[in-house]
Amino acid sequence: MSDKLSKYLCYLLRHHPEKARLDIDLHGWVDVNQLIENVNQYSAYSLDMDTLKNIVAEDAKGRYRLSDDHRRIKCCQGHTIPWIEPELTYGTPPKYLYHGTTTAAAKKIDASGAILKMKRHHVHTQPVEAMAWQSARRWHLTPVVLKIDAEAMAADGYLFGRSDNDVWCVECVPTKYICDRLYEPTI
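The shown structure was predicted, so the numbers you read here are calculated from the model rather than taken from an experiment.

Visitor: How should the overall build of the protein chain be read in this particular structure?
Guide: If you tally the helices and strands in the protein chain, you get six helices and 12 strands. Computed over its C-alpha atoms, the radius of gyration of the protein chain comes to 17 Å, within 12% of the 16 Å expected for a compact globule of 187 residues. Here the C-alpha coordinates of the protein chain stretch approximately 50 × 40 × 25 Å along the principal axes. Taking all 187 residues of the protein chain together, the buried fraction comes to 44%. Nonlocal contacts in the protein chain, meaning residues at least 24 apart in sequence, comprise 72% of its contacts between residues at least 6 apart. With an accessible surface of roughly 10200 Å², the protein chain has 50% of that area assigned to carbon and sulfur atoms.

Okay, here's the thing in structure tokens:
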């Protein structure tokens with residue numbers, strides 16, 4: 001149940017706060033008491049503070065952040081709400097970043113000439129290849145990880161921001177910066 005509840009919370013906090021009548025601020029923060037009350041009132045799920053803290057602590061991607069006083073919660077990135085401004089720390093990225101996707105999506109990336117942000121605010125990249133594989137496998141299709149020369153992109157003026165959970169965000173990644181395609185070994 002907690003995996004489904006976690007996905008539902010992600011859905012609310014990143015995409016549709018109105019489904020649980022949540023008041024969400026400019027940076028995606030929501031009052032924890034309102035979240036708990038409204039999830040219990042407007043969904044089939046049951047949520048309390050201990051369950052919420054467990055979801056935040058156990059989320060493998062570190063998607064959620066509780067404020068220091070545990071009164072507010074947000075998702076770190078991945079919003080499709082147009083007016084949300086993700087809180088990012090801008091700086092120099094690692095030499096290489098990784099983007100997890102599928103072989104079908106990689107063909108579309110090649111055709112368009114870039115990894116595009118689609119409905120999100122940014123393209124999400126990972127500093128660790130294993131995390132990109134986690135993203136690539138979630139689609140249940142043939143996964144692929146694209147290795148990106150972030151150092152060259154930054155040198156060419158692309159601006160990178162890092163989220164609280166160490167996801168590096170950028171407006172787009174032109175295909176000329178994809179320096180390798182990594183496939184899972186076949187048995």
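So much for the structure itself; the text now carries on.
Visitor: Sorry, what's going on with the layout of surface pockets here?
Guide: A probe matching the size of a water molecule, rolled over the atoms, marks out where space remains unfilled. There is about 1400 Å³ of room inside the largest pocket. Going through the elements one at a time, α1 (2–14), α3 (49–58), β5 (96–102), α4 (103–112), β6 (114–116), β7 (123–125) and α5 (129–137) are the ones with two or more residues in the lining of the largest pocket. Among the residues making up the lining of the largest pocket, the classes are represented as 16 nonpolar, 18 polar and 11 charged.

Visitor: Hey, could you run me through the pattern of salt bridges in this one?
Guide: Pairs may arise between side chains of opposite charge once their charged atoms sit close together. Tallied over the entire structure, the rule returns 10 salt bridges. With its nearest N and O atoms 2.4 Å apart, the salt bridge here joins Arg-181 to Asp-110. Of this pair, Arg-181 sits in strand β12 (residues 178–183) while Asp-110 sits in helix α4, placing them 71 residues apart in sequence. One salt bridge in this structure joins Arg-137 and Glu-184, with 2.7 Å as the shortest N-O distance. In this pair, Arg-137 sits in helix α5 while Glu-184 sits in the segment after β12, placing the two residues 47 residues apart along the sequence. On the basis of relative accessible area, Arg-137 is assigned to the partly exposed category, the value being 42%. With a relative accessible area of 33%, Glu-184 lands in the partly exposed category. Connected through salt bridges with shared partners, the residues Lys-74, Glu-87 and Asp-164 form a single ionic network.

Visitor: So what exactly am I meant to see when it comes to the packing of aromatic side chains here?
Guide: Where two aromatic rings form a pair, the distance of their centres and the angle of their planes describe that pair. Going through the model one piece at a time under the given rule, you end up with three aromatic pairs. With a centroid separation of 5.6 Å and an interplanar angle of 75°, the aromatic rings of Tyr-158 and Tyr-177 are classed as edge-to-face. A residue pair is termed long-range when its members are at least 10 positions apart, and Tyr-158 in the loop between α6 (150–155) and β9 (161–162) and Tyr-177 in the loop between β11 (172–174) and β12 qualify at 19 residues. Here Arg-72 stacks its cationic end above the ring of Trp-29, 4.4 Å away from the centre of that ring. Above the ring of Tyr-96, the side-chain terminus of Lys-147 is found at 4.2 Å from the ring centroid.

Visitor: I keep staring at the environment of Met-131 and nothing clicks. Help me out?
Guide: In this fold, Met-131 is placed in helix α5. The class for Met-131 is partly exposed, based on a relative accessible area of 25%. Each C-alpha atom of the pair Met-131 and Leu-116 lies 19 Å from the other, and the pair is 15 residues apart in sequence. If we skip the residues at most four places from it in the chain, Met-131 touches Ala-60, Lys-61 and Gln-126.

Visitor: Teacher, can you tell me more about unusual backbone geometry here?
Guide: The phi torsion of most residues other than glycine is negative, and most of the peptide bonds are trans. One non-glycine residue, His-70, lies in the positive phi region at around 60°. Mapped onto the elements of the fold, His-70 is located in the loop between β2 (64–66) and β3 (72–75). His-70 sits in the partly exposed class, given a relative accessible area of 32%.

Visitor: Which parts of the structure should I look at to understand α5?
Guide: Each α-helix turn comprises 3.6 residues. Residues three or four places apart therefore point the same way. Turning to α5, its buried residues number three or more, namely Ala-132, Trp-133, Ser-135 and Ala-136. Axial view of α5: buried residues confined to an arc of 160°, hence all on one face. Where the residues of α5 are buried, they touch β5, β8 (143–149) and β12.

Thresholds applied
Residues numbered from 1 in each chain as written. Predicted model: local features only at pLDDT ≥ 70, side-chain atom pairs only at ≥ 80, totals over all residues. Heavy atoms only, no water. Helix = DSSP H or I, 4+ residues; strand = E, 2+ residues; numbered from the N terminus. Rg over C-alpha atoms; globule rule 2.2 N^0.38 Å. Buried < 20%, exposed > 50% of the residue type's maximum accessible area, 1.4 Å probe, protein only. Contact = heavy atoms within 4.5 Å. Areas by Shrake-Rupley, 256 points an atom, 1.4 Å probe, with all protein chains shown as cover. 1 Å grid on protein atoms, 1.4 Å probe; cavity = no way out; pocket = protein on both sides within 12 Å on 5 of 7 lines; lining within 4 Å. Points joined across faces, edges and corners; volume = space filled by probe spheres on them. Nonpolar A, V, L, I, M, F, W, Y, C, P; charged D, E, K, R; others polar. Salt bridge = Lys/Arg side-chain N within 4 Å of Asp/Glu carboxyl O. Phe/Tyr/Trp six-rings, centres within 6.5 Å; stacked < 30°, edge-to-face > 60°. Lys NZ or Arg CZ within 6 Å of the ring centre and 35° of its normal. Arc of directions from axis to C-beta.

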